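Okay, here's what each chain looks like letter by letter:
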Amino acid sequence: MPTKHIVMRYNRDMLAELVEMIDAGLVTVDVTARYPLNAMAEVHQKAGEFRGKVIVATR
């Protein structure tokens, strides 16, 4: 699958469009890791090691 780097501003309309593209399968997101919110210190310590997005969730 071809790779394309996308840069966006944190703006409601642009984010909504990105969500639509992800939901439609037009864009995939490389999720490297998932952590609970209480592991933020660990996430910050490892920040330079990640290649992709890190999800930090409250549940």
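For the structure itself, consult the block above.
Residues numbered from 1 in each chain as written. Predicted model: local features only at pLDDT ≥ 70, side-chain atom pairs only at ≥ 80, totals over all residues. Heavy atoms only, no water.

Visitor: Any chance you could explain the packing of aromatic side chains here in plain terms?
Guide: A complete count under the given rule lists one aromatic pair for this structure. Ring geometry for Tyr-35 versus Phe-50: centroids 6.1 Å apart, planes at 70 degrees, classification edge-to-face. Note that Tyr-35 is positioned in strand E1 (residues 31-36) and Phe-50 in the loop between helix H2 (40-45) and strand E2 (53-57), a separation of 15 residues in sequence. On the basis of relative accessible area, Tyr-35 is assigned to the buried category, the value being 15%. (Phe/Tyr/Trp six-rings, centres within 6.5 Å; stacked < 30°, edge-to-face > 60°. Helix = DSSP H or I, 4+ residues; strand = E, 2+ residues; numbered from the N terminus. Buried < 20%, exposed > 50% of the residue type's maximum accessible area, 1.4 Å probe, protein only.)

Visitor: Is there a simple way to think about the environment of Asp-30 in this case?
Guide: For Asp-30, the position within the fold is in the loop between helix H1 (12-23) and E1. Its relative accessible area of 49% is what places Asp-30 among the partly exposed residues. Along the primary structure Asp-30 and Thr-58 are separated by 28 residues, whereas in three dimensions their C-alpha atoms are 20 Å apart. Not counting chain neighbours up to four residues away, the residues in contact with Asp-30 comprise Arg-51, Gly-52 and Lys-53. (Contact = heavy atoms within 4.5 Å.)

Visitor: Where do I start with a negative patch on the surface in this structure?
Guide: On the surface, Asp-13, Glu-17, Glu-20 and Asp-23 cluster together into a negatively charged patch. Residue placement: Asp-23 occurs in helix H1. (Patch = residues over 30% accessible without salt bridge, like charges linked within 9 Å, V, L, I, M, F, W, Y side chains within 5 Å. Areas by Shrake-Rupley, 256 points an atom, 1.4 Å probe, with all protein chains shown as cover. Salt bridge = Lys/Arg side-chain N within 4 Å of Asp/Glu carboxyl O. Lys, Arg positive; Asp, Glu negative; His and termini not counted. Charge placed at Lys NZ, Arg CZ, Asp CG, Glu CD.)

Visitor: Help me out: how do you make sense of H1 in this one?
Guide: One turn of an α-helix holds 3.6 residues; hence residues three or four places apart share an orientation. Across its 12 residues, H1 extends 16 Å between first and last C-alpha, which sits within 8% of the 16 Å expected from 1.5 Å per residue. The opening residue of H1, the one whose side-chain oxygen lies 2.9 Å from the backbone nitrogen of Asp-13, is Asn-11. Gly-25 lies just past H1 and shows a positive phi near 80 degrees. (Expected span 1.5 Å × (residues − 1). Polar contact = N/O pair within 3.5 Å; in protein donor to acceptor, adjacent residues only side chain to side chain.)

Visitor: What is the right way to read the pattern of salt bridges from this model?
Guide: Pairing between side chains of opposite charge can happen when the charged atoms of each approach one another. Across all of its chains, the model carries one salt bridge by this definition. For Lys-46, the salt bridge goes to Glu-42, with nearest N and O atoms at 3.0 Å. Exposure remark for Lys-46: the relative accessible area of 28% places this residue in the partly exposed category.

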